[in-house]
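# A look at the structure
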Amino acid sequence: MVLCSLQLPNSNSFVLPFSKQTARTLKDIFSSLKHPHLQPIRGVDFDSEQSYTVLVQPFSSKGSLKDLIHQASPLDPASKKYSARGRPLNSTTIATYGRHILEALRFLKSKGFPPCTNLHTGNIIVYSRVCRLSGHELSLLGHTPKLKRAIDKKNKSAWETILFGHVIFEMASGVVLPDNASSLRERDYRQCSAYPDVTEVLKFVFGSESGQFPSIEEIASLPFFASVLLKELQTYDPAVFVISSSGKSLLKAVRKGRPTSRKRSRHGSEDAGSETSSRASSRSHSRAASRQPSIGHTTTSFQSLPVSSDPSASPHVQTVPTSKPLSSSRGRSALLNQIHAGTKLKKTATKDRSAPKV
């Protein structure tokens, strides 16, 4: 398998932290995202010095759907190979590739992805009678196409439907619709007159008098697409799509268009909270200890002993642990000092005088 890398400049609409952690989260998401009509992404990385996102994807020698329409090589410069009008595809190919695209869009929606606003023939990769949707990762990276900005105000919920209509029109006519086109004129339909069934699909997508657009699911249920046999899906063993909690938060932030909190600041706040909690706990323990009842001097503590005036007392003993009250007796204090100083006591002879005198 031949891989190719894409370098994308960092977008101003990128709502995620431009960090290694975000790159790892995106890589985990894309590695779990497997579908026969979805272009896989093998690697994601951020170049913070040049503000670039690097994507690694498989390379197809057949190129994109736009290359197929213009019968061009994927290695030719776009300014040269797309300068002339393309060659329309036949009705069967339009139905097949259209169904592949619809299945990929439905799959992404079922996994919680935002709408694929970069859907066009240049982002659909062709592999010998099978096409795969790419460009879905661009929605996560904040890249907004011109068409999305043109239809954002009136038809925000119909991005994918309108973009899909553009793809069908280009396959049937070899011509690209204007970026701001959310409807077709009569002369546009005449360019697809060779395919009456395709014209009916385009009227279903763009021709509603109420101004409402059908959903991707409704388009997929049309006989033109529903009759397509999906051989790849018959042998497809869907893997369990499991993403981490950070991945779920990432997708949620992109769908809402709100930036996520950076990990460093989040940890900082957590650490600050832990430190505050620790200080509060220490104050609580101190207050609890001060409220405990005092039972004489039975609690073991370190206390300073007064310097004894007894010359036999050891002068270097300053603190000792004690569990009994200190005696005020001078002799007892001196004796304790000698014991703790390790002084050996002299043996003395005792004389028993307990017997009664006669």
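### As for the overall build of the chain
The helix and strand tally for the chain stands at 15 helices and 7 strands. Counting over 358 residues, the chain shows a buried share of 39%. Considering only residue pairs separated by 6 or more positions, the chain has 67% of its internal contacts joining residues 24 or more positions apart. Within the structure as shown, the chain displays about 21900 Å² of accessible surface, and the carbon and sulfur contribution to it stands at 51%.

### What about the environment of His37?
Its location among the elements puts His37 in the loop between α1 (20–32) and β2 (43–47). C-alpha separation for the pair His37 and Ile101, spaced 64 residues apart in sequence, amounts to 7.0 Å. Sequence-distant contacts of His37, defined by excluding residues within four places in its chain, comprise His100, Glu103, Ala104, Val130, Cys131, Arg132, Leu133, Leu230, Glu232 and Leu233.

### A closer look at helix α9 (residues 196–206)
Within α9, the full set of buried residues consists of Val198, Thr199, Val201, Leu202, Val205 and Phe206. When α9 is viewed along its axis, its buried side chains cluster within an angular range of 155° and face the same direction. Of the residues in α9, the exposed ones pointing more than 90 degrees away from the buried face are Pro196 and Glu200. Contact partners of the buried residues in α9: α4 (91–110), α7 (159–173), α8 (186–190), α10 (216–220) and α11 (223–226).

### As for the packing of α1 against helix α13 (residues 245–256)
Between α1 and α13, the least distance of the axes is 9 Å, while the angle of their chain directions is 95°. When the axis of α1 is compared with that of α13, the two are roughly perpendicular. On α13, the residues that touch Thr22, Thr25, Leu26 and Ile29 of α1 are Ser246, Gly247, Leu250 and Leu251. Residues that form the contact of α1 with α13 fall into these classes: 4 nonpolar, 4 polar and no charged.

### Quick notes on a nonpolar patch on the surface
A contiguous nonpolar patch, built from Val2, Phe59 and Leu75 and spanning about 310 Å² of accessible area, is present on the exposed surface. Turning to its location among the elements, Val2 is positioned in the segment before β1 (3–9).

Reading the values: rules and limits
Residues numbered from 1 in each chain as written. Predicted model: local features only at pLDDT ≥ 70, side-chain atom pairs only at ≥ 80, totals over all residues. Heavy atoms only, no water. Helix = DSSP H or I, 4+ residues; strand = E, 2+ residues; numbered from the N terminus. Buried < 20%, exposed > 50% of the residue type's maximum accessible area, 1.4 Å probe, protein only. Contact = heavy atoms within 4.5 Å. Areas by Shrake-Rupley, 256 points an atom, 1.4 Å probe, with all protein chains shown as cover. Arc of directions from axis to C-beta. Axes fitted to C-alpha atoms, helices over the stretch in contact; angles between N-to-C directions. Parallel < 35°, antiparallel > 145°, perpendicular 65-115°, else oblique. Nonpolar A, V, L, I, M, F, W, Y, C, P; charged D, E, K, R; others polar. Patch = residues over 30% accessible without salt bridge, like charges linked within 9 Å, V, L, I, M, F, W, Y side chains within 5 Å. Salt bridge = Lys/Arg side-chain N within 4 Å of Asp/Glu carboxyl O.

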